[in-house]
Amino acid sequence: MVDLSSKIKERIVNDPFNFVFYNDLNLAKKDFMIISLNPGKSTTPEESKKICDVKDDYGELINTYQYGLKKYIGKVQQEVFWIEFFGLIKKCGGKTNLNPNNFLETIHFTDVFKQREPDKSQKDYFLNLLKEEFALVNPKYLFVFGKEAKKYVSSLNLKGSIKTWELPHYSNRFYRKDKTKDKRIIKIQEIKEEMEVRG
């Protein structure tokens, strides 16, 4: 049987511009896991050039994907959301100094469809991949970003003593400094209150 790391390694090298994975392939246990739907369609010219330069080296490809993710969540319009979200992780026993540059050391971030252009005909393949990934990471806390992602994750009937929060409006709007009124803004306070109830 081919192990999960080998499967991911093969997909990364064979499809480096479309298949995306952000984590070290040793897939060690982590207490915190985020599952989003997919990596998004675009890459910057800088990322595209880097992928061209290292496309035969899966380790460097993962570093490139990580760099893109860190740069994305470090955008100023998302700053307040991530500061508060990392505060939630701290409250659950995570590191106290999390930031966009080091959060992957503590949080396993992954996608249901690990493709920039998701092929829904491969749904079963990707869901089986995700189930294997979840079993290896074995998190205490699982955060699912988006209603569609939650639908797929719920279908897996993941086993384990985990606490799950759905962040239903994960997008590039998030929670803005200027308090813009937007229905898609995540209400961090509601998540905090729910965490207190669940303990």
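Every value quoted in this text rests on a predicted model; they were computed, and no experiment measured them.

Visitor: I'm lost on the overall build of the protein chain in this one. Help?
Guide: Along the protein chain, the regular secondary structure elements total 7 helices and 4 strands. Shown N-terminal to C-terminal, the secondary structure of the protein chain runs as helices and strands in the order α-β-α-α-α-β-α-β-α-β-α.

Visitor: I would appreciate a short explanation of the packing of helix α1 (residues 4–14) against helix α3 (residues 58–73) in the present structure.
Guide: Geometry of a packed helix pair, given as the angle between the helix axes and the separation of the axes. Contact pair α1 / α3: the axes reach a minimum separation of 10 Å and the direction vectors enclose 80°. The angle between α1 and α3 falls in the class roughly perpendicular. Facing α1, whose interface residues are K9, I12 and V13, α3 presents Y58, L61, I62 and Y65. Broken down by class, the residue content of the contact of α1 with α3 amounts to 6 nonpolar, no polar and 1 charged.

Visitor: So what exactly am I meant to see when it comes to the pairing of strand β2 (residues 107–111) here?
Guide: If a strand is regular, its side chains alternate between the two faces of the sheet. Burial within β2 is extensive, with 5 of its 5 residues counted as buried. Burial of the side chains of β2 extends over both faces: I107, F109 and D111 are buried on one face and H108 and T110 on the other. Bridge count for strand β1 (residues 32–36) against β2 is 5 bridges, and the pairing is parallel. Along β2, the bridge assignment pairs F32 with I107.

Visitor: Looking at this model, I keep getting lost on the packing of aromatic side chains. Mind explaining?
Guide: Any aromatic ring pair is given by two values, namely how distant the centres are and how the planes are angled relative to each other. Counted under the stated rule, the structure contains 16 aromatic pairs. For the ring pair W82 and F86, a centre distance of 5.5 Å and an interplane angle of 40° mean the geometry is tilted. Of this pair, W82 and F86 both sit in helix α4 (residues 79–91), separated by 4 residues, roughly a single helical turn. Take W82 and F86: they sit in the same class, and that class is buried.

Visitor: Please explain helix α6 (residues 147–154) as it appears in this structure.
Guide: Note that an α-helix has 3.6 residues per turn; residues three or four places apart therefore point the same way. Residues of α6 that are buried include every one of A149, Y152 and V153, and no others. End-on, the buried residues of α6 take up no more than an arc of 100°, which puts them together on one face. Turned more than 90 degrees away from the buried face of α6 sit K147 and K151, all of them exposed. Residues of α6 that are buried make contact with β1, α5 (123–137) and β3 (141–145).

Visitor: Got a minute to help me understand the pattern of salt bridges in this structure?
Guide: Once the charged atoms of two side chains with opposite charge are near each other, the side chains can pair. A complete count under the given rule lists 7 salt bridges for this structure. Between K71 and E46 there is a salt bridge whose closest N-O contact spans 3.3 Å. Of the two residues, K71 is situated in helix α3 and E46 in helix α2 (residues 45–54); the sequence distance between them amounts to 25 residues. Residue K71 is classed as partly exposed on the basis of its relative accessible area of 44%. For the salt bridge of K95 with E105, the shortest nitrogen-to-oxygen distance reads 3.1 Å.

Visitor: So what exactly am I meant to see when it comes to the side chain of D111 here?
Guide: Note that D111 resides in strand β2. An unpaired buried charge is present at D111: no salt bridge exists, and K114, the closest side chain of opposite charge, is 6.6 Å distant. Apart from residues lying up to four places away in sequence, D111 is in contact with Y22, I35, S36, L37, N38, P39 and L130.

Calculation rules
- Residues numbered from 1 in each chain as written.
- Predicted model: local features only at pLDDT ≥ 70, side-chain atom pairs only at ≥ 80, totals over all residues.
- Heavy atoms only, no water.
- Helix = DSSP H or I, 4+ residues; strand = E, 2+ residues; numbered from the N terminus.
- Axes fitted to C-alpha atoms, helices over the stretch in contact; angles between N-to-C directions.
- Parallel < 35°, antiparallel > 145°, perpendicular 65-115°, else oblique.
- Contact = heavy atoms within 4.5 Å.
- Nonpolar A, V, L, I, M, F, W, Y, C, P; charged D, E, K, R; others polar.
- Buried < 20%, exposed > 50% of the residue type's maximum accessible area, 1.4 Å probe, protein only.
- Pairing = 2+ DSSP bridges.
- Phe/Tyr/Trp six-rings, centres within 6.5 Å; stacked < 30°, edge-to-face > 60°.
- Arc of directions from axis to C-beta.
- Salt bridge = Lys/Arg side-chain N within 4 Å of Asp/Glu carboxyl O.
- Lys, Arg positive; Asp, Glu negative; His and termini not counted.

All quantities given are derived from atomic positions and should not be read as evidence of function.
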